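One letter stands for each residue in the lines below.
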Amino acid sequence: MTFGDMELFLLEDGEFRLDGGAMFGVVPRVMWAKIAPPDDANTIEMNANMLLIKTGDRVVLIDTGLGGKWDEKEAAMFHINSPRTLVTDLARVDVMKEDVTDVIQTHLHFDHAGGGTYIDSDGQLKVQFPNAKYWIQKGEWEAAIHPNAKDRRSYKPENLRPLEEAGVIEWLDGDGEIMPGISVRITGGHTMYHQLVQVESGGHTLIFAGDILPRATHVPLPYIMAYDLYPVDSMAFKEPFLEEAVEGNYLVIFEHDPDVKAGHLVRDERNRIKVEPFDMDQNEYAR
């Protein structure tokens, strides 16, 4: 889809399932089950959605999904199913791994940073995008390599160490512009240094929200994950941001939604903020 002077491609890296109660925190099951029906094990459907941006001579990937470095036990635990993968989706839009110039990580949890490395035919860990700079918040990296007991299982060393060893990391320290039209903003909440990515071109604004708004179902203010390390901070960022997104007519990408992968935030007849789904499978963005 053409977006101002940029080209955008929505990619996928598989499907998985997580506990519905953990995904909706303090919201009672009787409420969230209406919008995210659970299975008998109380898990709900999740996607690993990513965004590819072509702008000038740069090819930018936001997050890298689940990746393929899962053993049988882990894959069964998270119900991982990969009818589409990051690499095959890139090929679908005529992009080779070597073409990617920049990878921006919202944070480094396994379902966001898993595809940045891979295991080659000799069983060696390698960087997935050898010509890319990996843009990572320094504080997030420190949290990932020195995790606490609560988030230790969320960070996997095999997703991180090859990047450091290859010298491909570009450190970020708070909010800032990465290149013209693409910037990052710290949201906190989910992790202390979690960031969203803001894309601006042709008078339009797109937000890749990461886990501050993981699914379209998480737009209501109290709908905050139990996975968030700092849930009060999540709410503190989310409340004014929802207003900003409505006023700015932002297009928001929901990284984990299997159905509503993109949408605009609008007010309903009762003045509540809701999602108006948007289909990105079109030639040119118009709003």
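In case you missed it, the structure is sitting above this.
Keep in mind that this is a model prediction, so the values were computed, not measured.

Conventions used here
Residues numbered from 1 in each chain as written. Predicted model: local features only at pLDDT ≥ 70, side-chain atom pairs only at ≥ 80, totals over all residues. Heavy atoms only, no water. Helix = DSSP H or I, 4+ residues; strand = E, 2+ residues; numbered from the N terminus. Buried < 20%, exposed > 50% of the residue type's maximum accessible area, 1.4 Å probe, protein only. Pairing = 2+ DSSP bridges. 1 Å grid on protein atoms, 1.4 Å probe; cavity = no way out; pocket = protein on both sides within 12 Å on 5 of 7 lines; lining within 4 Å. Points joined across faces, edges and corners; volume = space filled by probe spheres on them. Nonpolar A, V, L, I, M, F, W, Y, C, P; charged D, E, K, R; others polar.

A. Spatial organisation of unusual backbone geometry. A positive phi is found at Asn-42, a non-glycine position, where the angle reads about 70°. By the secondary structure assignment, Asn-42 is in the loop between α2 (29–32) and β3 (43–55).

B. Expanded view of the pairing of strand β11 (residues 182–186). Among the 5 residues of β11, 4 are classified as buried, and the element is accordingly described as predominantly covered. For strand β10 (residues 176–179) and β11, the ladder comprises 3 bridges, and the chain directions are antiparallel. Among the inter-strand pairings, Glu-177 is bridged to a residue of β11, identified as Ser-183. Linkage of β10 to β11, two consecutive antiparallel strands, is achieved through a turn of 2 residues, within which Gly-181 is found at a positive phi near 90°. Pairing geometry for β11 and strand β12 (residues 195–201), over 5 bridges, is antiparallel. Following the sheet pairing, Arg-185 is matched in β12 by Leu-196.

C. Broad picture of empty space enclosed by the protein. On inspection of all chains with the given rule, the structure shows 2 cavities of 30 Å³ or more. The volume enclosed by the largest cavity comes to roughly 40 Å³. Every residue along the wall of the largest cavity is listed here: Asp-211, Ile-212, Pro-214, His-218, Tyr-223, Ile-224, Met-225, Asp-228, Ser-234 and Lys-238. Per-class residue counts for the lining of the largest cavity are 5 nonpolar, 2 polar and 3 charged. Put simply, the second largest cavity is a space of about 30 Å³. Along the walls of the second largest cavity sit Leu-66, Lys-69, Trp-70, Phe-110, Gly-114, Lys-156 and Asn-159, which together make up its complete lining.

D. Structural view of the layout of surface pockets. The computed volume of the largest pocket comes to approximately 570 Å³. Counting residues per element, the ones that place at least two in the lining of the largest pocket are β2 (6–19), α3 (72–77) and α5 (110–113). The residue makeup of the lining of the largest pocket, split by class, is 13 nonpolar, 4 polar and 8 charged. In this structure, the second largest pocket encloses a volume near 410 Å³. As for the second largest pocket, its lining consists of 20 residues, and the residues nearest its centre are Leu-10, Asp-279, Met-280, Asp-281 and Gln-282. Considering each element in turn, the lining of the second largest pocket owes the most residues, 4 residues, to β2. Along the lines of polarity and charge, the residues of the lining of the second largest pocket split into 10 nonpolar, 3 polar and 7 charged.

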